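# Descriptive analysis of the structure
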Amino acid sequence: MSKKVLLSGIKPTGRPHIGNYFGAMKQFVDLSNDYDSYIFIADYHALNFIQNKTEMKENIINVLLDYLAIGLDPKKVTLYKQSDISEHTELAWIFDTITTMPYLMRAHAYKDAEAKNKEIVVGTFNYPMLMATDILLYSPDVVPVGADQKQHVEISRDTAEKFNRIFGDTFKLPELMIIKEVAVVPGTDGRKMSKSYNNTVPLFAEYEEIKKAVMSIVTDSEEGIPKNVYAIHNLLRPASELLPIYKSKTGKYKELKELLIEDLEKFIAPMRERRKEFAKDIPKALAILKAGGEKAKKVASKKMDEVREKIGVNVYEK
Ligand code: ADP
Ligand code: TRP
């Protein structure tokens, strides 16, 4: 029996931290064992906010290396970038013609930008249309995303329904899969770990960086257990192992932090080394991305032929 199809997109932004890894990245790797997976780098989406050639190139290569390093296996996953498949932008135009302005004005991302009084580019306004094409061209069964992307997937479903109603059954309605909420990973200051708060343990940190981050963890404690240190530690080891250690070392924050540094190093080092290996041969990594693009293109262009046929622009004899 053929596997169900999974699809998701990742924005090429910045250096990932262990919060991103446990909250999202790892789950793509785990799910790729059970699904025929399409994972792509949403570079045309990122063009809304990265408008610098060097930065764009670096970011694309960096996410590619990040995902290869965490073990995304190109044999199981079609890994590609959006800009290699021109069908996305082509279909986005067609979706624009069946979608109303008031409908898109209800999108959270647009409303948030407007509330901040930002000058909104048309690309941001139309973002949900491009995202609908990302999804619908590949007829996935499931689309795993963080809770913040729920509405975008719902817009994709609505758009598929609307197209099907007007032009006849063409697109499969994707099911939303909200990525399992792992407990929010706290940062070194106890707030949510986030690039914007400068409180991260980078996923591919060098030993010295791990040490510095852990030593800076704020040691608010409950019954002698420093809760931020414990919460990060608990990502690496189960409570049944950790609690006895923490209880036998109540109040000994330095020792507990040293133990966490060692455990983080054990966990991070293999991925960090794998990333370095991939980084030594960028052309090889890019060849994986390109091959993924060729495979994805076949699927997308077949769907696009069907769309052209349905809307009536296909006037030539076959
Ligand atoms: P950041 O806050 O660092 O900018 P993003 O918003 O780019 O992170 O998040 C990318 C993905 O990582 C999302 O799916 C998000 O849910 C997940 N994620 C980010 N920070 C955390 C965290 N501290 N704990 C768990 N998951 C997180
Ligand atoms: N919008 C998503 C984000 O901000 C990224 C994305 C683009 C995506 N296209 C997608 C996710 C299609 C799932 C499916 O994280």
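Keep in mind that what you see is a predicted model, and the values were worked out from it rather than measured.

### So, the site of ligand 2
Near ligand 2 there are 14 residues, and of these Gly9, Lys11, Tyr127, Asp134 and Gln149 occur at the shortest range. Between an oxygen atom of ligand 2 and a side-chain N or O atom of Lys11, the distance comes to 3.5 Å. Note that a nitrogen atom of ligand 2 is positioned 2.7 Å from one of the side-chain N or O atoms of Asp134. Look at ligand 2: alone it shows 370 Å² of surface, and the protein chains cover 92% of it. Going through the elements one at a time, strand 1 (5-10), helix 7 (122-136) and strand 4 (142-145) are the ones with two or more residues in the shell around ligand 2. Element by element, the count of residues in the shell around ligand 2 is highest for helix 7, at 4 residues.

### Focus on the domain arrangement of the protein chain
Along its sequence, the protein chain is organised into domain 1 (4-183 + 282-311) and domain 2 (195-277). When the buried surface of domain 1 facing domain 2 is broken down by residue, Arg15, Ile18 and Ala69 rank first, second and third, together holding 42% of it. There are 2 salt bridges connecting domain 1 and domain 2. Notably, a salt bridge pairs Glu209 with Arg15, separated by 2.8 Å at the nearest N-O pair. For the side of domain 1 that touches domain 2, the elements supplying multiple residues, two or more each, are helix 1 (18-31) and helix 3 (53-69). Counted by class, the side of domain 1 that touches domain 2 contains 9 nonpolar, 6 polar and 2 charged residues.

### Let's talk about unusual backbone geometry
Apart from glycine, the bulk of residues carry a negative phi angle, and the bulk of peptide bonds sit in the trans form. Positive phi outside glycine occurs at Ser139, with the angle close to 45°. Tracing the backbone through its elements, the reader meets Ser139 in the loop between helix 7 and strand 4. A relative accessible area of 22% means that Ser139 is categorised as partly exposed.

### Details of the site of ligand 1
The environment of ligand 1 is made up of His17, Gly19, Asn20, Gly23, Ala24, Val184, Val185, Lys192, Met193, Ser194 and Lys195. Between ligand 1 and Asn20 there is a distance of 3.1 Å, counted from an oxygen atom to a side-chain nitrogen or oxygen. With respect to ligand 1, the backbone of Lys195 contributes an N or O atom lying 2.8 Å from an oxygen atom. Protein chains shield 70% of the accessible area of ligand 1, which is 540 Å² for the free molecule. When grouped by side-chain class, the residues that make up the shell around ligand 1 number 4 nonpolar, 5 polar and 2 charged.

### A closer look at the nonpolar core
Ranked by size, the top nonpolar core spans 52 residues in total, and within it Ile18, Ile39, Tyr67, Ile70, Leu72, Leu203 and Leu264 carry the most contacts. With 8 residues, helix 3 is the largest single contributor of residues to this core. Two domains each put at least three residues into this core: domain 1 (4-183 + 282-311) and domain 2 (195-277). If near-sequence neighbours (up to four positions away) are discounted, Leu72 is found in contact with Phe28, Val29, Ile39, Tyr67, Val77 and Leu79.

### Details of the packing of helix 1 against helix 12 (residues 253-280)
Taken N-terminus to C-terminus, the directions of helix 1 and helix 12 make an angle of 75°; their axes are 13 Å apart at the nearest point. Comparing the axis directions of helix 1 and helix 12 gives the class roughly perpendicular. On helix 12, the residues that touch Ile18, Tyr21 and Phe22 of helix 1 are Leu264, Phe267, Ile268 and Met271. Here the contact of helix 1 with helix 12 is composed, by residue class, of 7 nonpolar, no polar and no charged.

### Regarding helix 3
Counted at 1.5 Å a residue, the expected span for helix 3 with its 17 residues is 24 Å, and the 24 Å between its end C-alpha atoms agrees. When helix 3 is considered as a whole, its buried residues turn out to be Met56, Asn59, Ile60, Val63, Leu64, Leu65, Asp66, Tyr67, Leu68 and Ala69. Looking at where helix 3 begins, the residue whose side-chain oxygen comes 3.1 Å from the main-chain nitrogen of Thr54 is Asn52. Looking at the residues trailing helix 3, positive phi occurs at Gly71, about 105°.

### Some points on the packing of aromatic side chains
To describe a pair of aromatic rings, you give the distance between the ring centres and the angle between the ring planes. Throughout the structure, instances matching the rule amount to 14 aromatic pairs. An aromatic cluster is defined as three or more aromatic residues linked by ring pairs; in this entry it consists of Tyr38, Phe40, Tyr80 and Tyr138. The side chain of Arg275 reaches across the aromatic face of Phe204, ending 5.3 Å from its centre.

Parameters and conventions
- Residues numbered from 1 in each chain as written.
- Chains lettered and ligands numbered in written order.
- Predicted model: local features only at pLDDT ≥ 70, side-chain atom pairs only at ≥ 80, totals over all residues.
- Heavy atoms only, no water.
- Near = heavy atom within 4 Å.
- Polar contact = N/O pair within 3.5 Å; in protein donor to acceptor, adjacent residues only side chain to side chain.
- Areas by Shrake-Rupley, 256 points an atom, 1.4 Å probe, with all protein chains shown as cover.
- Helix = DSSP H or I, 4+ residues; strand = E, 2+ residues; numbered from the N terminus.
- Domains from an automatic or database assignment.
- Buried area = accessible area lost by both parts, 1.4 Å probe.
- Salt bridge = Lys/Arg side-chain N within 4 Å of Asp/Glu carboxyl O.
- Nonpolar A, V, L, I, M, F, W, Y, C, P; charged D, E, K, R; others polar.
- Buried < 20%, exposed > 50% of the residue type's maximum accessible area, 1.4 Å probe, protein only.
- Core = buried A, V, L, I, M, F, W, Y, C linked by side-chain atoms within 4.5 Å.
- Contact = heavy atoms within 4.5 Å.
- Axes fitted to C-alpha atoms, helices over the stretch in contact; angles between N-to-C directions.
- Parallel < 35°, antiparallel > 145°, perpendicular 65-115°, else oblique.
- Expected span 1.5 Å × (residues − 1).
- Phe/Tyr/Trp six-rings, centres within 6.5 Å; stacked < 30°, edge-to-face > 60°.
- Lys NZ or Arg CZ within 6 Å of the ring centre and 35° of its normal.

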